[in-house]
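Next come the chains, spelled out residue by residue.
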Amino acid sequence: MNFFNAPIHTWYSLYKRDLPWRKTRNPYFIWLSEIILQQTRIDQGLAYYLRFTEEFPTISSLADASEDQILKLWQGLGYYSRARNLHFTAKYIRQQLNGEFPGDYDSIRSLKGIGEYTAAAIASISFNLEYAAVDGNAYRVLSRFFGITEPIDSSAGKKIFTNLAKELIMGTNPGMHNQALMEFGALQCTPKNPDCLKCPLSERCLAFTTHRIAELPVKKNKTKQRDRYFNYIVLAGKNHTWMRKRVGKDIWENLFEFPLVETTEEKSIRELLEQDEFRQMNEADYSVIENVSSWKIHILSHQRIHYRFIRIRLSREINMPGDLIRVNKEDIFNFAVPKLLETYLSENGQDVLFK
Ligand code: SF4
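Residues numbered from 1 in each chain as written. Predicted model: local features only at pLDDT ≥ 70, side-chain atom pairs only at ≥ 80, totals over all residues. Heavy atoms only, no water.

A. Examining the side chain of His298 more closely. Here His298 shows up in strand β6 (residues 296-299). Setting aside its immediate chain neighbours within four residues, His298 contacts Trp252, Gln303, Arg304, Ile305, Tyr307, Lys339 and Leu340. (Helix = DSSP H or I, 4+ residues; strand = E, 2+ residues; numbered from the N terminus. Contact = heavy atoms within 4.5 Å.)

Now the structure itself:
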């Protein structure tokens, strides 16, 4: 397999990006970088990695933080269960493993929030163990170079790619090899228009020599997306508003948001305010609808969130149900909120919301 490995390893030594997690083998930092970089571009993830390692330089410091602190620092990165699992696992390592990150694959894989890919990445990079970490970039390179037409998301395809990746990693420096293959896919063998004429693998690449680059890799399932309609009711009182912590197994668990009316389609404002908790809003002397934003769409991997903000100016004090928190003007930016609320708050600012 040297005809494949050698050019990739040389290419990596010449062109790899200079990234902080490539200068360490500390499993805590490798773990942190891998979790942050799941579903995240490197340029965006880098800022979060630096913030986390500065704020929480050790597993114990991460374990000691409150969940709200961690979610606030994670804000904007999405897929918040990753942050909650990080926190859970940091506490587990401190309490059950004397603060020592485990050094064998099976123990790493058994930690909450760590799947096969992440366990292999940590085992190979931090502990020099021969476990192949195959991400989407590596799948692309393998399927194109070796001309594999089996879908990457089928069980037959997974078996083929796993066996091939295992064979390729044998006898290499495993951490370097895994990173080289993934980096090669990210920068050289890109999803669209890879620069094959400058590729050190082009002579033996089956996709290139048989003109099938656009067809590979093959994917079986297209992700189905669900449409949800989020109507946020922003209750703008004198120097305060109301927010609620999201609970239950759903997106953005434990983040804060304005009172929400979720529907399966667009509904009129009058229908929204018929909900029990807004009944007071229907009485004219209590409130006035000050602003209704246009519908926007926030895309998640399996969902399309259609959302808008309906700002209601309160003309007198109201009492809201117990799970709603009264938030004062000066505290509004201290809460961990989903990205779309963060944008709304920064665009509308304290002076617009609070009068
Ligand atoms: S020749 Fe093109 S398709 Fe083949 S590995 Fe290189 S960049 Fe990818």
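B. Spotlight on the site of the ligand. As a matter of local geometry, the ligand sits amid Arg144, Gln188, Cys189, Pro194, Cys196, Cys199, Ser202, Cys205 and Phe208. Looking at the shell around the ligand, its residues break down into six nonpolar, two polar and one charged. (Near = heavy atom within 4 Å. Nonpolar A, V, L, I, M, F, W, Y, C, P; charged D, E, K, R; others polar.)

C. A look at the sheet that holds strand β3 (residues 256-257). One open sheet holds the three strands; their spatial order is β3-β2-β8, and the pairing between them is antiparallel. Edge positions in the open sheet fall to β3 and β8 (324-328), since each of these has one partner strand only. Across five bridges, strand β2 (residues 240-245) lies against β8 in antiparallel orientation. Its bridge partner lying in β8, Met243 is registered against Ile325. (Pairing = 2+ DSSP bridges.)

D. The domain arrangement of the protein, seen in detail. Taken domain by domain, the protein holds domain 1 (2-215) and domain 2 (226-353). Look at where the C-alpha atoms of domain 1 and domain 2 centre, and you get two points 37 Å apart. Taken residue by residue, the interface counts nine residues in domain 1 and 15 residues in domain 2. For the pair domain 1 and domain 2, the summed buried surface comes to about 930 Å²; carbon and sulfur atoms form 47% of the total. Summed over the three residues of domain 1 that lose the most area to domain 2, namely Gln75, Tyr80 and Arg84, the buried surface amounts to 46% of that side. Counting across the interface, domain 1 meets domain 2 through two salt bridges. At the surface where domain 1 touches domain 2, the tally comes to six residue pairs in polar contact (both at pLDDT 80 or more). Among the elements that line the side of domain 1 that touches domain 2, the one with the most residues is helix α5 (residues 67-74), at four residues. (Domains from an automatic or database assignment. Buried area = accessible area lost by both parts, 1.4 Å probe. Salt bridge = Lys/Arg side-chain N within 4 Å of Asp/Glu carboxyl O. Polar contact = N/O pair within 3.5 Å; in protein donor to acceptor, adjacent residues only side chain to side chain.)

E. Highlighting the environment of Ser124. Relative to the helices and strands, Ser124 is located in helix α8 (residues 116-127). Taking the C-alpha atoms as reference points, Ser124 and Asp351, separated by 227 residues in sequence, lie 52 Å from one another. Look past the residues within four positions of Ser124 in its chain and what remains in contact with it is Leu129, Tyr131, Pro174, Gly175 and Asn178. A polar atom in the side chain of Ser124 sits 2.9 Å from the side chain of Asn178.

F. Local environment of α8. Compared with the 16 Å implied by 1.5 Å per residue over 12 residues, the 16 Å span of α8 between its first and last C-alpha is a close match. Asn128 lies just past α8 and shows a positive phi near 60°. (Expected span 1.5 Å × (residues − 1).)

G. A look at unusual backbone geometry. Note the cis peptide between Leu216 and Pro217, where omega equals 0°. Unusually for a residue other than glycine, Asn98 sits at a positive phi of about 55°. For Asn98, the position within the fold is in the loop between α6 (81-96) and α7 (105-109). With a phi close to 60°, Trp252 is a non-glycine residue in the positive phi region. Here Trp252 is to be found in the loop between β2 and β3. The exposure class of Trp252 is buried, given its relative accessible area of 6%. (Buried < 20%, exposed > 50% of the residue type's maximum accessible area, 1.4 Å probe, protein only.)

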